[in-house]
Amino acid sequence: MDVLEKLKAKLKDINVRAGKIRELPVDERAEFGKKINAEREAVLAEIADAERKMLDTEVEPIDVTAWSGVNEKLPEFYSVEMGSKHPLMTELDRVVDIYQMMGFDVVESRQLDDEYHMFDSLNFAKEHPARDGYDTFRTEEGLIPPAHTSTMQHRVLKAYKSRLDEGKAIAVVVPGRVFRNEDVDATHEHTFYQCEGVYVSETCTMGDMLGILREFFEKYYEQKLNIRTQPGYFPFTEPSLEFLIEKPKTLGGKKGDFLEMLGCGMIHPNVLKMAGIDPTKYHGFAWGGGIDRLVMLRYGLNDVRDFESGNLNFLREF
Ligand code: DAH
């Protein structure tokens, strides 16, 4: 037995004896306690001393699996770098923060859905060519990695409709990842991000929607913006609009340089009805647009493929 082990055995013995204090007559306990505590302190000090001595003399352990000397500098390829948040996720947080400040709840989208939520519940007629406009992937089981965050609209309406009974509005945004079977180029990716907005109340109007969208874009780009709308077509809104902003000078835009940022419109009565909301009593509007495009404009990026490329030189710029 080495010194340290002997001391530890001694400590154990002291502790065992100390535990017997209750078997002693009451008037002897104080004296006994003092004595045993002093003994314990002394042994603890000896143990600390022995441990310190051991550390001083201990030889540095050798890692036999190490490729080189312990203190030698590692070659470049061995170096470990701290990771960081992907720029799209940082920006998505910013987007969601702005909407939250405006009073919206946040519901995350999903990455696998079905025909009903992706199309039927959004008033896409069966066999209608509009279904082909979304370049949807399908799994062998017939499920769909959603091509837009609108796939969540029906769920959001159902989950939040009790708000209407309480005299409140439904106000929810849905960020999420979406997928399209597209030819990939500098402006098209098979995987990208969108953010959807859904608002329903008894009194809301399209003017409210345009106000919310203007506020959002002006907060996001941190400046006043010129906005414009043009007619669009989506089966789930009537009327439907495309929402454009004039590319700000600070971001390299010229006058009249309008960019389409998202699709929007008044929620189609059929969509409300399918979620159990009375369209003669309530109105709603909804919108959805790409996050990647939003971020590309903010940072002057010109190739959407960089986001999913895993190219560290690109990611390190953020
Ligand atoms: N889901 C549409 C798309 O990806 C965008 C959109 C348009 C969303 C109109 C909406 C909307 O909520 O009301 O092209």
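Just so it is clear, the model here is predicted, and its values are computed rather than measured. (Residues numbered from 1 in each chain as written. Predicted model: local features only at pLDDT ≥ 70, side-chain atom pairs only at ≥ 80, totals over all residues. Heavy atoms only, no water.)

What about unusual backbone geometry?
Of the consecutive residues E238 and P239, the connecting peptide bond is found in the cis state with omega at -5°. For P239, the position within the fold is in strand β5 (residues 237-246). Unlike most non-glycine residues, E127 shows phi in positive territory, near 65°. Tracing the backbone through its elements, the reader meets E127 in the loop between α4 (115-118) and α5 (153-160). (Helix = DSSP H or I, 4+ residues; strand = E, 2+ residues; numbered from the N terminus.)

Some points on the environment of L4
Along the chain, L4 turns up in helix α1 (residues 3-18). Sequence spacing of L4 and R17 is 13 residues, and the spatial spacing of their C-alpha atoms is 20 Å. Sequence-distant contacts of L4, that is, excluding residues within four places in its chain, are made with I47, A50, E51 and M54. (Contact = heavy atoms within 4.5 Å.)

Thoughts on the nonpolar core
Ranked by internal contacts, the top residues of the largest apolar core, which has 37 residues, are Y99, F217, Y221, W287, I291 and L294. For this core, the secondary-structure elements that each account for two or more residues are α3 (87-101), β2 (170-179), β3 (191-201), α7 (206-220), β5, β6 (258-267), β7 (283-290) and α9 (291-299). Of all the elements, α7 adds the most residues to this core, at six residues. Not counting residues within four places of it along the chain, the set of residues in contact with W287 comprises Y99, F104, V173, C195, E196, G197, V198, I212, L213, L262, G263 and C264. Formed by 27 residues, the second largest nonpolar core is a distinct cluster that contains F119, L164, V198 and V200. (Core = buried A, V, L, I, M, F, W, Y, C linked by side-chain atoms within 4.5 Å. Buried < 20%, exposed > 50% of the residue type's maximum accessible area, 1.4 Å probe, protein only.)

Looking at the domain arrangement of the protein chain
Each assigned domain of the protein chain is listed here: domain 1 (1-80) and domain 2 (87-315). For domain 1 versus domain 2, the separation of C-alpha centres amounts to 63 Å. (Domains from an automatic or database assignment.)

Structural notes on the site of the ligand
Around the ligand lies a shell of 16 residues, among which H148, S150, R180, Q194 and E196 are the nearest. A distance of 2.8 Å separates a nitrogen atom of the ligand from a polar side-chain atom of S150. Across the complex, the protein chains shield 93% of the 360 Å² of accessible surface that the ligand would expose by itself. When atoms are counted within 2 Å of each cavity's grid points, the one that captures over half of the ligand is the largest pocket. When contributions to the shell around the ligand are tallied by element, the ones reaching two or more residues are β3, β6 and β7. A breakdown of the residues in the shell around the ligand according to their chemical character gives six nonpolar, eight polar and two charged. (Near = heavy atom within 4 Å. Polar contact = N/O pair within 3.5 Å; in protein donor to acceptor, adjacent residues only side chain to side chain. Areas by Shrake-Rupley, 256 points an atom, 1.4 Å probe, with all protein chains shown as cover. 1 Å grid on protein atoms, 1.4 Å probe; cavity = no way out; pocket = protein on both sides within 12 Å on 5 of 7 lines; lining within 4 Å. Sits in = over half its atoms within 2 Å of the grid points. Nonpolar A, V, L, I, M, F, W, Y, C, P; charged D, E, K, R; others polar.)

A look at the environment of D135
By the secondary structure assignment, D135 is in the loop between α4 and α5. Separated by 46 residues in the primary sequence, D135 and N181 place their C-alpha atoms 5.0 Å from one another. Every residue in contact with D135, bar those within four places of it in the chain, is listed here: F179, R180, N181 and E182.

What to know about the packing of aromatic side chains
Overall, the coordinates contain 19 aromatic pairs when judged by the stated rule. Ring geometry for F307 against F314: centres 5.8 Å apart, planes inclined by 75°, an arrangement best described as edge-to-face. Assessed through its relative accessible area of 4%, F307 is described here as buried. Residue F314 is classed as buried on the basis of its relative accessible area of 6%. Looking at R228, its charged tip hangs above the ring of F258, at a distance of 3.9 Å from the centre. For R298, the ring lying beneath its charged end belongs to Y220, and the centroid distance is 5.5 Å. (Phe/Tyr/Trp six-rings, centres within 6.5 Å; stacked < 30°, edge-to-face > 60°. Lys NZ or Arg CZ within 6 Å of the ring centre and 35° of its normal.)

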